[in-house]
Structure formats: C-alpha cells, structure tokens
Amino acid sequence: MNINKNYENLEQSYLFSTIAHKVNDFVAKNPDKKVIRLGIGDVTLPLCKAVTDALHKAVDEMGVQSTFRGYGPEQGYDFLREKVQKYYQNRNVELDLDEIFISDGAKSDLGNILDLFDKDNTVLVPDPVYPVYVDTNIMAGRKVIFANANEENNFLPTVDKDINADIIYICSPNNPTGAVYNKAQLVEWIRYALERKAAILFDAAYECFVSDENLPRSIYEIEGAKECAIEFCSLSKTAGFTGTRCGYTIVPRSLGKLNKMWLRRQTTKFNGVPYIVQRGAEAVFSEEGQKEIKENINYYKDNAKIISDTLNRCNIWHVGGKHSPYIWLKCPNNMNSWEFFDYLLNNAQIVGTPGAGFGRNGEGYFRLTSFGSRENTIEAMQRFEKLFN
Ligand SMILES: *Cc1c(COP(=O)(O)O)cnc(C)c1O
C-alpha cells in the first residue's frame with residue numbers, strides 16, 4: 001500500500017500546544033498568581049433548559065419499546081429540518097426540506113463536502129483563518145491560495161478579479177478576527193463566483209452573534225447565492241453544542257448535481273445524528289429555546305463589549321467583538337504576536353491567542369475571546385488597562 005503523501009504537506013501547528021506549555025511553565029514558577037484565560041475558542045455556559053428538557057425526554061423515549069428509534073434518515077429527521085427551514089424563513093430565505101442536511105457539526109461537513117469537488121480545483125482561503133479550511137484541502141492534495149485580510153480592508157478580503165479560484169471559503173462573522181461582511185461586500189463575492197462558475201463555501205457558525213439587522217446572517221439573503229453557495233452552520237456556538245454535536249448544511253438544488261451528490265455522499269458515508277441530539281437541537285428553535293440561547297449569547301457579547309471598550313480607552317486598534325465572540329487587536333508597541341503573548345502573560349497573567357497562529361497576516365495581531373466568565377473578563381481588562389492606558 002501507499003500512504004496519502006499529502007499528509008506530509010500539512011504544516012505542524014504548535015499554536016495551542018505552545019500556549020499550553022508557556023502557561024504551565026508560568027504557573028509552575030508563579031503558583032500565587034491568578035492566570036485568566038481569554039484565549040478559549042469554546043463556549044463555557046451550559047446548555048439551556050429547553051434543550052436539556054428535550055434531551056431527557058428523548059432519552060426516556062429511547063428506553064420504551066413503542067417510542068424506541070433505530071437508524072434515522074441520514075440527512076436528519078423532518079421534525080428538525082422543518083425547524084431549520086422555518087428559521088431561514090424568518091429571514092426571508094425559502095429552502096426546500098431536501099436542501100437541508102443535518103450533521104454532527106460544521107467541521108465535519110466542511111471537510112466532507114470536499115468529496116464533491118475535483119482535486120484540480122484551486123481553493124481560495126482568507127488569511128488569517130480557521131485552520132480547518134486549509135488542512136482539509138491539503139490532505140486532498142488541492143492547491144490553496146490566500147486572500148489577504150489586513151488592516152487596510154478591516155480584515156475582510158475583497159475580490160481580486162485576477163485571481164483564479166474555483167472554491168472560495170468565506171467565514172462571516174470570522175474566526176479569528178470577528179470581522180463581518182455587509183451585503184454589498186457579499187454581492188461582490190457572489191458576482192465573482194457566478195462569473196467564474198466557482199463555488200462559495202460559506203461558514204455561518206457565528207451568525208447568531210450578528211445583532212445588526214442590516215448585516216447578513218446567511219449568504220442566501222443575497223440574490224444569486226443559491227446558484228453558487230453552500231452554507232454551513234452549527235449549533236456549537238449558537239446554543240453551546242460544542243460537546244453535544246449538531247449542525248446543518250444547506251446545499252441548494254439550484255447548484256445542480258451537487259445537491260444529489262451530497263445526499264449520495266451522506267447516505268453512503270454517514271448514518272445520521274443521534275435521535276436524542278436532534279430532539280435537543282429541535283428545542284433550540286422553540287420559542288423558549290431561542291429566548292434562552294439569546295441570553296447566553298448576550299452574556300458573551302457583553303463580555304466582548306467590556307474588552308472592546310477597554311481597547312478603545314487604551315487606543316488599541318481592533319476589529320470584531322460587536323457581532324462576534326472574538327476581538328482581534330493590533331499588538332501595542334509594535335510587538336509581534338508571541339512577544340505580546342509573553343508580555344501579557346508575564347505582566348497581567350492574561351492568556352490570549354497569538355494571531356500569527358492563524359496565518360501569515362495574523363503576525364502582529366492577537367485574539368481575545370469573550371467566552372470567559374464576566375468576573376474574569378472584568379478583572380483581566382482592569383489589569384490590561386493598567387498596563388496600556
Ligand atoms: C467553532 C467553529 C465551527 C463549528 O464547528 P462544529 O464542528 O460545528 O463544532 C465552524 N466554523 C468555525 C469557523 C468555527 O470557529
């Protein structure tokens with residue numbers, strides 16, 4: 001046998017292991033100091049009551065002969081797909097049920113969708129970005145090129161007509177920068193994709209954090225998107241499902257063969273999300289569930305505002321925070337990402353994530369997240385302000 005040599009082209013990521021190593025080292029040398037972690041990329045608030053009630057009920061059903069369920073539909077139960085359909089309808093996006101596919105999260109689907117595309121496609125990925133887009137394509141041996149996100153474009157790469165891309169990744173609101181595209185900017189990307197017959201893979205994992213009604217939460221809010229875009233969404237950040245696992249992917253029928261190909265791919269390689277989890281996910285879309293998840297999202301957003309307000313008072317350039325749990329800041333005093341990491345850890349015992357770990361354009365920038373507790377966020381920002389204001 002021959003192994004898939006493409007794996008040898010993956011860059012080793014030492015980002016999170018280096019952070020852990022440095023923090024452990026600091027804690028061992030300074031056992032009396034309280035370290036506050038604002039580098040977390042995971043939710044911390046628990047599942048809401050509507051969800052846990054639904055999960056309990058579904059567990060009980062599974063233990064009773066008359067309500068027990070075995071294999072379900074690979075693309076998800078209709079009771080959940082109908083809720084997703086209605087969720088889109090609320091934003092005037094009409095989807096047919098067979099365009100909605102329930103999954104165990106966005107990360108798997110973002111990787112699995114590549115089964116549908118030829119290896120010879122060129123892939124355009126923003127830099128900096130969520131590392132999954134790059135690595136899944138490298139594993140398949142595809143050519144990856146980058147769209148530069150930087151201070152000039154407020155970390156929202158714009159269309160470059162001279163670049164030939166067949167598959168385009170867009171993540172809005174973005175991880176790690178928190179930057180979010182407006183409708184006019186997405187119109188440009190859609191126009192480019194339609195002209196080139198390229199596909200847009202739109203990652204909407206943070207759509208719930210968008211609070212401005214004029215900003216798009218789904219790419220399908222923009223005309224022409226159904227002819228070129230696949231959308232990935234997840235309940236991970238929306239409803240605290242990072243450990244529970246449920247998401248959904250929209251493959252419009254107007255994309256031609258791709259809709260049927262994805263169904264074929266899923267029915268062949270995937271056996272569906274657990275019934276119990278789908279009942280929990282269904283509850284997210286109930287009136288009670290929506291109210292409860294909004295409280296959690298607002299908690300994170302209030303943390304983000306505390307961080308952003310502090311940075312404003314310190315005159316530190318940043319994006320994100322308003323429609324995202326992430327704040328992306330320019331390291332003060334021309335420090336590079338890792339210098340700033342060490343400086344913050346040693347002088348304020350705050351842990352963040354060096355921007356350099358997310359791509360070349362991340363150098364000199366830094367990510368803070370609002371997933372910490374209110375108390376810790378306030379304390380961290382007081383320490384921060386003492387250093388920089
Ligand atoms: C967290 C996150 C996801 C969600 O992944 P799941 O597999 O659904 O947990 C997707 N995209 C981005 C950019 C993320 O940060």
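Residues numbered from 1 in each chain as written. Predicted model: local features only at pLDDT ≥ 70, side-chain atom pairs only at ≥ 80, totals over all residues. Heavy atoms only, no water.

1. Describing the packing of aromatic side chains
Heads up, the condition is: Whether two aromatic rings pair depends on their centres lying within 6.5 Å, for rings of Phe, Tyr and Trp, where Trp uses its six-membered ring; planes under 30 degrees apart make the pair stacked, over 60 edge-to-face, and the rest tilted. Helix and strand assignments come from DSSP, with helices taken as H or I runs of at least 4 residues and strands as E runs of at least 2, each series counted from the N terminus. The buried label goes to any residue with under 20% of its type's maximum accessible area, the exposed label to any with over 50%, and the partly exposed label to all in between, with areas taken from a 1.4 Å probe on protein chains only. Charge over a ring is defined by NZ of Lys or CZ of Arg lying within 6 Å of the ring centre and within 35 degrees of the ring normal.
The final tally for this structure, using the stated rule, is 27 aromatic pairs. Seen in terms of ring centroids, Phe-340 and Phe-384 are 6.5 Å apart; in terms of plane orientation they differ by 80 degrees. Their pairing is edge-to-face. Taken as a pair, Phe-340 in helix H11 (residues 337–348) and Phe-384 in helix H12 (residues 374–388) lie far apart in primary sequence, 44 residues in all. Assigned by exposure class, Phe-340 and Phe-384 land together as buried. Seen in terms of ring centroids, Phe-384 and Phe-388 are 4.9 Å apart; in terms of plane orientation they differ by 45 degrees. Their pairing is tilted. Of this pair, Phe-384 and Phe-388 both sit in helix H12, four residues apart, which is roughly one turn of that helix. Look at Phe-388 and you get buried, because its relative accessible area is 15%. Against the face of Tyr-77 rests Arg-69, its NZ or CZ located 5.1 Å from the ring centre. A cation over a ring is seen here: Arg-91 above Tyr-87, with NZ or CZ 4.9 Å from the ring centre.

2. Concerning helix H2 (residues 49–62)
Put simply, the rule is: Here the expected span of a helix is defined as 1.5 Å times the quantity of residues minus one. The directions from the helix axis to the C-beta atoms form the arc being described.
The end-to-end C-alpha distance of H2 is 20 Å, a good match for the 20 Å that 14 residues give at a rise of 1.5 Å each. Considered for burial, the residues of H2 that qualify are Ala-50, Val-51, Ala-54, Leu-55, Ala-58 and Glu-61. Taken end-on, H2 shows its buried residues confined to a sector of 130 degrees, consistent with a single buried face. Of the exposed residues in H2, those oriented more than 90 degrees away from the buried face are Lys-49, His-56 and Asp-60.

3. Thoughts on the site of the ligand
Inclusion rule: Any residue with a heavy atom positioned within 4 Å of a molecule or strand is treated as near that molecule or strand. Pairs of N or O atoms within 3.5 Å make up the polar contacts considered here, provided that, within protein, one atom can donate a hydrogen while the other can accept it, and that residues adjacent in sequence are counted only when both atoms are side-chain atoms. What sets the accessible areas is the Shrake-Rupley method with a 1.4 Å probe; for residues, cover comes only from the shown protein chains. Put simply, Ala, Val, Leu, Ile, Met, Phe, Trp, Tyr, Cys and Pro go in the nonpolar bin, Asp, Glu, Lys and Arg in the charged bin, and everything else, Gly too, in the polar bin.
Surrounding the ligand, one finds 14 residues, the nearest of these being Asp-203, Tyr-206, Ser-234, Ser-236 and Lys-237. Within the side chain of Tyr-206, one N or O atom sits 2.6 Å away from an oxygen atom of the ligand. Residue Arg-245 places a side-chain N or O atom 2.7 Å away from an oxygen atom belonging to the ligand. Alone, the ligand offers 390 Å² of accessible surface; in the complex the protein occludes 93% of this. Secondary structure elements with two or more residues in the shell around the ligand: helix H4 (106–112) and helix H7 (235–239). Broken down by class, the residue content of the shell around the ligand amounts to six nonpolar, four polar and four charged.

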